[in-house]
Amino acid sequence: MAEPLAYFLTWTTYGTWLPGDARRWVDKRGSAGTPYRQGDPEQVAVARHRMKQAAVCLDDAPRRLVEAAIRETCRHKGWHLHALNVRANHVHVVVTTQGERSERVMTSLKAWASRRLNQGNRRSRWWTRHGSTRYITSRASLARAVEYVMNQ
């Protein structure tokens, strides 16, 4: 596979999109390419019961902190940030790096954002584990991803 032009990364805040969610979800235990799964209220109830703390919804001030932390991380690491949108329950990032793996990039961005958030309100979990990592391999795909993150 050719080196990606950029990554389109998305992750959710802790507890806001549980396995079995009616909005559809991906079963990570399934094989690659597994289609989205339909809602399962019983599975949501089990996941909610297993939560170690309350779900995280970011209001304006924490959203600004996360945005600043992601921008700072990209500057510090020399990554090109094409687009960023921090929402109440998820984050979208389109970024070009110098050969770092997408999972490592997402982990770094989440860690820096968590450290910034913990300066004002200490929590053990701000984010769900992992997230979505899409490889962007063409200029047209990059333009569509940036448009989606900024305007959709």
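Residues numbered from 1 in each chain as written. Predicted model: local features only at pLDDT ≥ 70, side-chain atom pairs only at ≥ 80, totals over all residues. Heavy atoms only, no water.

### Brief notes about the packing of aromatic side chains
Okay, step 1: Under the defined criterion, the tally for this structure stands at three aromatic pairs.
Okay, step 2: Lying across the ring of Trp126, Arg123 places its NZ or CZ 5.4 Å from the centre. (Phe/Tyr/Trp six-rings, centres within 6.5 Å; stacked < 30°, edge-to-face > 60°. Lys NZ or Arg CZ within 6 Å of the ring centre and 35° of its normal.)

### A closer look at the packing of helix H2 (residues 60-77) against helix H3 (residues 102-118)
Okay, step 1: Relative to each other, H2 and H3 sit at 130 degrees, their axes nearing to 8 Å. Between H2 and H3, the angle is such that the two are oblique. Between H2 and H3 lies a crossing of right-handed hand. Facing H2, whose interface residues are Pro62, Leu65, Val66, Ala68, Ala69, Ile70, Glu72, Thr73, Cys74, His76 and Lys77, H3 presents Ser108, Leu109, Trp112, Ala113, Arg116 and Leu117.
Okay, step 2: Partitioning the contact of H2 with H3 into residue classes produces 11 nonpolar, three polar and three charged. (Axes fitted to C-alpha atoms, helices over the stretch in contact; angles between N-to-C directions. Helix = DSSP H or I, 4+ residues; strand = E, 2+ residues; numbered from the N terminus. Parallel < 35°, antiparallel > 145°, perpendicular 65-115°, else oblique. Left-handed = near helix turned anticlockwise from the far one by under 90°. Contact = heavy atoms within 4.5 Å. Nonpolar A, V, L, I, M, F, W, Y, C, P; charged D, E, K, R; others polar.)

### Overview of the environment of Arg115
Okay, step 1: Within the element layout of this structure, Arg115 appears in helix H3.
Okay, step 2: Since its relative accessible area comes to 48%, Arg115 is described here as partly exposed.
Okay, step 3: Distance from Arg115 to Ala69, taken between C-alpha atoms, is 8.6 Å for residues 46 residues apart in sequence. (Buried < 20%, exposed > 50% of the residue type's maximum accessible area, 1.4 Å probe, protein only.)

### Here we look at the sheet that holds strand S3 (residues 90-96)
Okay, step 1: An order of S2-S3-S1-S4 is seen for the four strands of this open sheet, with the pairing classed as antiparallel. Bordering the open sheet on either side are strand S2 (80-86) and strand S4 (132-136), each of which pairs with just one other strand. On average, adjacent strands in this sheet sit at an angle of 10 degrees to one another, irrespective of strand direction.
Okay, step 2: Where strand S1 (residues 6-12) lies against S3, six bridges are found, and the strand directions are antiparallel. Residue pairing across strands places Thr12 opposite His90, the latter belonging to S3.
Okay, step 3: Where H2 meets the sheet, it contacts S1, S2 and S3, and its direction lies at approximately 170 degrees from that of S2. (Pairing = 2+ DSSP bridges.)

### Remarks on the pattern of salt bridges
Okay, step 1: Taken as a whole and assessed by the stated rule, the structure comprises four salt bridges.
Okay, step 2: Arg116 is the partner of Glu72 in a salt bridge, and the nearest nitrogen-oxygen pair spans 2.1 Å. With Glu72 in helix H2 and Arg116 in helix H3, the pair connects residues that are 44 residues apart, well separated along the chain.
Okay, step 3: For Glu72, a relative accessible area of 32% translates into the label partly exposed.
Okay, step 4: In this structure, the salt-bridge partner of Arg101 is Glu103, at a minimum N-O distance of 3.5 Å. (Salt bridge = Lys/Arg side-chain N within 4 Å of Asp/Glu carboxyl O.)

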